[in-house]
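Spelled out from the first residue to the last, the chains are:
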Amino acid sequence: MDKEWDIVEVLRHSRHDWLNRLQLIKGNLDLNRIDRAKECINEIVIEVQHESKLSNVHLPRFASLLLKSNWEQHLFRLEYEVLSDSETVEICDINLSNWTNSFFSCLDQAIEAFQENHLSITIQPQSDGFRFFFDFSGIIIKKELIEQFLIGSQIDLIVKEFSGNELGLEIFMPV
């Protein structure tokens, strides 16, 4: 069962993230590393722009899943990017969210803990649907779990790459 997040928990995690970011900038300024402090600020601006675009694609359950992902106990770090902020079409948010949540669970069971495991999701709104690219890099120790998950997937997908340390998937969800 998925954890239900209340507004106080969301605000607590968000505040913690912002304090960490501010401390990183302050620490770099205290060490007179002005260029690194500016890089941190630029990284934050880009991340917030992606959060804003994600919030505007009319996929509230999917957006919520991604926004809270790094606050949960996943064995990977999630990054996401929305390639366009143009008008978007409507697709089945529930199916996408359920599949993505199941994929996250499968990854957690199939990858090695305490490693540099990263999942990047690129979201490309199109006039006839959405294209999603899921790119994982890290250490996959149970490839058969992922294979079984992909074979039983209720969403049409294309496996672009699959090895012991990379997984690339492309999903197109039409209107």
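Refer to the structure presented above.
The structure displayed is predicted, hence computed values, not measured ones.

Criteria and cut-off values
Residues numbered from 1 in each chain as written. Predicted model: local features only at pLDDT ≥ 70, side-chain atom pairs only at ≥ 80, totals over all residues. Heavy atoms only, no water. Helix = DSSP H or I, 4+ residues; strand = E, 2+ residues; numbered from the N terminus. Rg over C-alpha atoms; globule rule 2.2 N^0.38 Å. Expected span 1.5 Å × (residues − 1). Buried < 20%, exposed > 50% of the residue type's maximum accessible area, 1.4 Å probe, protein only. Pairing = 2+ DSSP bridges. Axes fitted to C-alpha atoms, helices over the stretch in contact; angles between N-to-C directions. Contact = heavy atoms within 4.5 Å. Core = buried A, V, L, I, M, F, W, Y, C linked by side-chain atoms within 4.5 Å. Arc of directions from axis to C-beta.

(A) How the structure looks around the overall build of the protein chain. The helix and strand tally for the protein chain stands at 5 helices and 5 strands. Reading the protein chain from its N terminus to its C terminus gives the helix and strand order α-α-α-β-α-β-β-α-β-β. Since a compact globule built from 175 residues should have a radius of gyration of about 16 Å, the 17 Å found for the protein chain is in line with a globular shape. In terms of overall dimensions, the protein chain has C-alpha extents of about 55 × 40 × 30 Å along its principal axes.

(B) Molecular detail of helix H1 (residues 7-30). End to end, H1 covers 34 Å across 24 residues, agreeing with the expected 34 Å (1.5 Å per residue, within 8%). Taken together, the buried positions of H1 are occupied by Glu9, Arg21, Ile25 and Asn28.

(C) Highlighting the sheet that holds strand E5 (residues 166-174). In space, the 5 strands of this open sheet follow the order E1-E2-E3-E5-E4, with mixed pairing throughout. In the strand order of this sheet, the two ends are held by strand E1 (77-82) and strand E4 (157-162), each with one partner. Pairs of neighbouring strands in the sheet enclose a mean axial angle of 15°, with direction left out of account. Sheet analysis places strand E2 (residues 118-126) next to strand E3 (residues 129-137), joined by 9 bridges and oriented antiparallel. Bridge assignment links serine 120 to a residue of E3, and that residue is aspartate 135. Those strands touched by helix H5 (residues 143-151) are E4 and E5, and its axis lies near 165° from that of E4.

(D) Expanded view of the nonpolar core. Ranked by size, the top nonpolar core spans 37 residues in total, and within it Phe103, Leu119, Ile121 and Phe132 carry the most contacts. Sorting the residues of this core by element identifies helix H3 (60-69), E1, helix H4 (93-110), E2, E3, H5 and E5 as the ones contributing at least two each. Counting residues per element, this core draws most heavily on H4, which supplies 7 residues. Excluding residues that lie within four positions of it along the chain, isoleucine 121 makes contacts with Phe62, Leu66, Leu78, Glu79, Tyr80, Glu81, Phe104, Phe133 and Phe134.

(E) Looking closely at helix H2 (residues 34-55). Taking 1.5 Å per residue as the helical rise, H2 with its 22 residues ought to reach 32 Å, and the 32 Å between its terminal C-alpha atoms agrees with that figure. Listing the buried residues of H2 in full gives Ala37, Cys40, Ile44, His50 and Leu54. On an axial view of H2, the arc spanned by its buried residues comes to 145°, and they lie on one face. Here the buried face of H2 lies against H1, H3, E1 and E2.

(F) Focus on the pairing of E2. The pairing of E1 with E2 spans 6 bridges and is classified as parallel. Counted as the bridge partner of tyrosine 80 is isoleucine 121 from E2. Remark: 2 residues form the turn of the hairpin made by E2 and E3, two consecutive strands paired antiparallel.

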